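In case you want the letters, here they are:
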Amino acid sequence: QKTQMKFYFLKKRKESSLVKKKIALVQMNIAAGEVEQNYAHATELIETAAQQKPDIIVLPETWNTGFKMTEKLPQDADKNGERTQTMLSELAKKHDVNIVGGSVAILRNDKVYNTTYVVDRKGNVISEFDKIHGFSPAKEDQYFQGGDHTHRFFLDDIPCSSVICYDIRFPEIIRKTTLEGVDLFFVPAEWPTLRLRHWELLNTVRAIENQMFLCAVNSSGFIGKVEAAGNSLLLDPWGEEILHLGKDEEIAVGTIDLSVIQEIRNKINVFRDRRPELY
């Protein structure tokens with residue numbers, strides 16, 4: 001009950017800031033292990049996306065190294081995320097845009113993490129998140145240290161959160177954060193074509209069950225023999241598609257209207273009708 005009360009208090013407090021926002025989805029081809037090439041290419045794509053004057057730019061998962069587990073990973077990883085944070089900060093300030101920096105492989109305390117950095121328009125790194133669930137079929141859990149916290153942040157007064165790729169299969173962590181008050185959720189990924197239907201369904205269901213906008217940005221191209229699915233999505237709280245990209249590298253901009261969220265939550269009030277004492 002206390003959680004529900006907190007949720008509605010936050011919604012009421014933020015009601016005055018509900019507006020339309022433009023989000024740029026950067027569906028990027030990533031060259032596995034080619035760190036310099038990837039930083040240069042990500043910079044180029046952000047610069048291109050910024051020309052359309054979005055409010056938020058979003059990148060895919062592990063864009064600095066590619067999602068490829070090798071012994072070279074600690075060497076390729078960004079030490080303490082310093083290079084990535086500097087790059088994103090400079091670009092955000094230059095273009096007056098918020099950036100959800102997908103995720104990058106970083107080296108921290110001699111361990112490799114799969115980490116998201118979120119940067120506001122002034123270039124401040126306002127939040128970071130380490131992927132919680134390593135994708136064990138690809139042995140990610142053997143190469144990356146798992147995260148130990150969720151995160152929640154504000155972009156232009158919009159309450160937001162994110163997870164990374166495989167995390168989307170674990171609805172408990174998304175619901176936990178949503179109960180704290182989230183209107184816009186991000187899912188950077190490097191999801192394969194083999195499980196494209198799962199990608200589309202899981203993201204759509206998370207948007208519907210939590211009644212929030214969801215921006216899921218996947219990579220494109222190949223990592224070794226594995227083809228990334230592309231098909232990045234921008235979904236409204238009904239699960240309807242605002243954007244659905246193809247499989248190739250692409251930048252697309254969609255507009256979300258946050259004023260509809262309260263109406264949707266009032267029509268089907270799942271947060272009021274929950275019975276957490278039973279589950």
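Everything quoted here is computed from the prediction, not taken from an experiment.

A. Up close: the packing of helix H2 (residues 35–50) against helix H4 (residues 82–95). Running from N to C, H2 and H4 cross one another at 20°; their axes reach a closest spacing of 11 Å. By the angle between their axes, H2 is roughly parallel relative to H4. For the pair H2 and H4, the sense of crossing is right-handed. Counting all contacts with H2, which are made through Val-35, Glu-36, Tyr-39, Ala-42, Thr-43, Ile-46, Glu-47 and Ala-50, the residues of H4 involved are Arg-83, Thr-84, Met-87, Leu-88, Leu-91, Lys-94 and His-95. Residues of the contact of H2 with H4, tallied by class, amount to eight nonpolar, three polar and four charged.

B. Broad picture of the nonpolar core. By size, the foremost hydrophobic cluster in this structure holds 26 residues, and its most contacted members are Ile-46, Ile-57, Trp-63, Met-87, Leu-88 and Ile-99. Elements with a minimum of two residues in this core: strand S1 (20–27), H2, H4, strand S5 (104–108) and strand S6 (111–119). Tallying contributions element by element places H2 first for this core, with seven residues. Those residues in contact with Ile-46 that sit more than four places away from it in its chain are Ile-57, Leu-59, Met-87, Leu-88, Leu-91 and Ile-99. Counting 22 residues, the second largest nonpolar core, distinct from the first, contains Phe-213, Cys-215, Leu-243 and Ala-252.

C. Main features of H2. Here H2 is 16 residues long and its end C-alpha atoms lie 22 Å apart, about the 22 Å a rise of 1.5 Å per residue gives. Every buried residue belonging to H2 is among Val-35, Asn-38, Tyr-39, His-41, Ala-42, Leu-45, Ile-46, Ala-49 and Ala-50, and all of these are buried.

D. Here's a closer look at the pattern of salt bridges. Tallying each qualifying case throughout the model produces 18 salt bridges. A salt bridge links Asp-130 to Arg-108, with the nearest nitrogen and oxygen atoms 2.6 Å apart. Here the residue Asp-130 occupies a position in strand S7 (residues 125–130), and Arg-108 occupies one in strand S5, the gap between them amounting to 22 residues. Salt-bridge contacts for Glu-209 lead to Arg-206; the nearest nitrogen and oxygen are separated by 2.8 Å. Taken as a pair, Glu-209 and Arg-206 lie in helix H7 (residues 196–210) at a separation of three residues, close to a single helical turn. A relative accessible area of 28% places Glu-209 in the partly exposed class. Relative accessible area serves as the criterion here: at 7%, Arg-206 is assigned to the buried category.

E. Representation of the environment of Leu-202 within the structure. Position of Leu-202 relative to the elements: it lies in helix H7. A relative accessible area of 17% means that Leu-202 is categorised as buried. Along the chain, Leu-202 and His-244 lie 42 residues apart, while their C-alpha atoms are 14 Å from each other. Discounting chain neighbours no more than four positions away, the residues touching Leu-202 are Ile-168, Arg-169 and Trp-191.

F. Just the packing of aromatic side chains, in detail. Applying the stated criterion across every chain, the model contains five aromatic pairs. Judged by centre distance (6.4 Å) and plane angle (15°), the rings of Phe-153 and Phe-186 are stacked. With Phe-153 in strand S8 (residues 152–155) and Phe-186 in strand S10 (residues 184–189), this residue pair connects regions lying 33 residues apart in the sequence. For Phe-186, a relative accessible area of 0% gives the class buried. With 5.2 Å between their ring centres and 90° between their planes, Tyr-166 and Phe-170 make a pair best called edge-to-face. Residue classification places Phe-170 among the partly exposed residues on the basis of a relative accessible area of 24%. By way of ring pairs, the aromatic residues Phe-135, Tyr-166 and Phe-170 are connected into one cluster. Looking at Arg-108, its charged tip hangs above the ring of Tyr-113, at a distance of 3.9 Å from the centre.

Conventions used here
- Throughout this description, residue numbers start from 1 for each chain and increase along the sequence as written.
- The predicted origin of the model limits local features to residues at a pLDDT of at least 70 and limits the giving and counting of side-chain atom pairs to 80 or more, whereas totals for whole chains, interfaces and linings rest on all residues.
- Note: side-chain values were computed over all heavy atoms of the structure, leaving out hydrogens and water.
- What counts as an axis is a line fitted to C-alpha atoms, over the stretch in contact for a helix, and the angles between N-to-C directions run from 0 to 180 degrees.
- Only DSSP runs of H or I covering at least 4 residues are called helices, and only runs of E covering at least 2 are called strands; the numbering of each starts at the N terminus.
- If an angle is under 35 degrees, it is roughly parallel; if it is over 145, roughly antiparallel; if it lies from 65 to 115, roughly perpendicular; otherwise it is oblique.
- Left-handed describes a crossing in which the near helix is turned anticlockwise from the far one by less than a right angle; the clockwise case is right-handed.
- What makes two residues a contact is simply this: any of their non-hydrogen atoms within 4.5 Å.
- When residue character is reported, Ala, Val, Leu, Ile, Met, Phe, Trp, Tyr, Cys and Pro are called nonpolar, Asp, Glu, Lys and Arg charged, and the others, Gly included, polar.
- In plain words, nonpolar cores are sets of buried Ala, Val, Leu, Ile, Met, Phe, Trp, Tyr and Cys residues tied together by side-chain atoms within 4.5 Å.
- Only protein chains enter the accessibility calculation, which uses a 1.4 Å probe; a residue whose area is less than 20% of its type maximum is buried, one above 50% is exposed, and one in between is partly exposed.
- Here, expected helix span is obtained from the residue count minus one, scaled by 1.5 Å.
- Basic side-chain nitrogens of Lys or Arg form a salt bridge, by our definition, when they fall within 4 Å of a carboxyl oxygen of Asp or Glu.
- When two rings of Phe, Tyr or Trp (its six-membered ring) have centres within 6.5 Å they constitute a pair, described as stacked for plane angles under 30 degrees, edge-to-face for angles over 60, and tilted for the intermediate range.
- For a Lys NZ or an Arg CZ to count as sitting over a ring, it must be within 6 Å of the ring centre and within 35 degrees of the ring normal.

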